[in-house]
Amino acid sequence: MSDYYVVEPCTTAKGFEIKLKEKKIDLAKAEGALSSLGEIVGKSSVVLLVKLNGLSLSVYASGRMMVKGKKASQKEADELASEICAALNKTGAIL
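Residues numbered from 1 in each chain as written. Predicted model: local features only at pLDDT ≥ 70, side-chain atom pairs only at ≥ 80, totals over all residues. Heavy atoms only, no water.

Attention now goes to the packing of aromatic side chains. Centre-to-centre distance and the angle between the planes together describe a pair of aromatic rings. Summed over the entire model, instances satisfying the criterion amount to zero aromatic pairs. A cation sits over an aromatic face here: Arg64 above Tyr60, 5.0 Å from the ring centre. (Phe/Tyr/Trp six-rings, centres within 6.5 Å; stacked < 30°, edge-to-face > 60°. Lys NZ or Arg CZ within 6 Å of the ring centre and 35° of its normal.)

Here it is as structure tokens:
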């Protein structure tokens, strides 16, 4: 069983949401983890913005992540969510 689930919010949004189950994200640690996967393009105390494989990733301290830029299949969304969460786990960014 995973510690996250993937939700596809809307077909017009061309994206999906990754939600952590009862976990938060340390954005400072997430920045280090995700900089190896993509380019950090913005950050604040509540959100980290990353360009990743031609997609826009918004990572929120609340444990929510939005991926926008293409309509992904459920399999693609699951694979990307797994990759992102593995990188975050590796650096201890998931609290």
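More follows now that the structure is in view.
What follows concerns the pairing of strand β3 (residues 39–43). Here four bridges tie β3 to strand β4 (residues 47–52), and the two strands are oriented antiparallel to one another. Among the inter-strand pairings, Gly42 is bridged to a residue of β4, identified as Leu49. Counted between consecutive antiparallel strands, the loop separating β3 from β4 contains three residues. (Pairing = 2+ DSSP bridges. Helix = DSSP H or I, 4+ residues; strand = E, 2+ residues; numbered from the N terminus.)

As a rule of thumb, non-glycine residues mostly have phi less than zero, and peptide bonds are mostly trans rather than cis. Phi is positive for Glu22, which is not a glycine, with a value near 55 degrees. With relative accessibility at 84%, the residue Glu22 sits in the exposed group. A positive phi angle, close to 50 degrees, is found at Asn53, a residue other than glycine. Tracing the backbone through its elements, the reader meets Asn53 in the loop between β4 and β5 (55–60). Judged by its relative accessible area of 63%, Asn53 is exposed. (Buried < 20%, exposed > 50% of the residue type's maximum accessible area, 1.4 Å probe, protein only.)

This part covers the pairing of strand β2 (residues 15–20). In terms of burial, β2 is largely enclosed, as five of its six residues are buried. For β2 and strand β6 (residues 64–68), the ladder comprises five bridges, and the chain directions are antiparallel. What sits directly across from Glu17, in β6, is Met66.

Note on soluble globular proteins: their nonpolar side chains tend to be buried together. Formed by 26 residues in total, the largest nonpolar core has its most connected members in Leu57, Met65, Ile84 and Leu88. Broken down by secondary-structure element, the contributors of at least two residues to this core are β2, α1 (27–35), β4, β5, β6 and α2 (74–90). Once residues within four sequence positions are removed from consideration, Met65 is found in contact with Phe16, Glu17, Ile18, Leu20, Ile25, Leu57, Ser58, Val59, Ile84, Cys85 and Leu88. (Core = buried A, V, L, I, M, F, W, Y, C linked by side-chain atoms within 4.5 Å. Contact = heavy atoms within 4.5 Å.)

Next up on the list: the pattern of salt bridges. Under the definition given, this model contains three salt bridges. Across the pair Lys75 and Glu79 runs a salt bridge, and its minimum N-O distance is 4.0 Å. One end of the pair, Lys75, and the other, Glu79, are both in helix α2, four residues apart, so they sit about a helical turn from each other. Its relative accessible area of 59% is what places Lys75 among the exposed residues. (Salt bridge = Lys/Arg side-chain N within 4 Å of Asp/Glu carboxyl O.)

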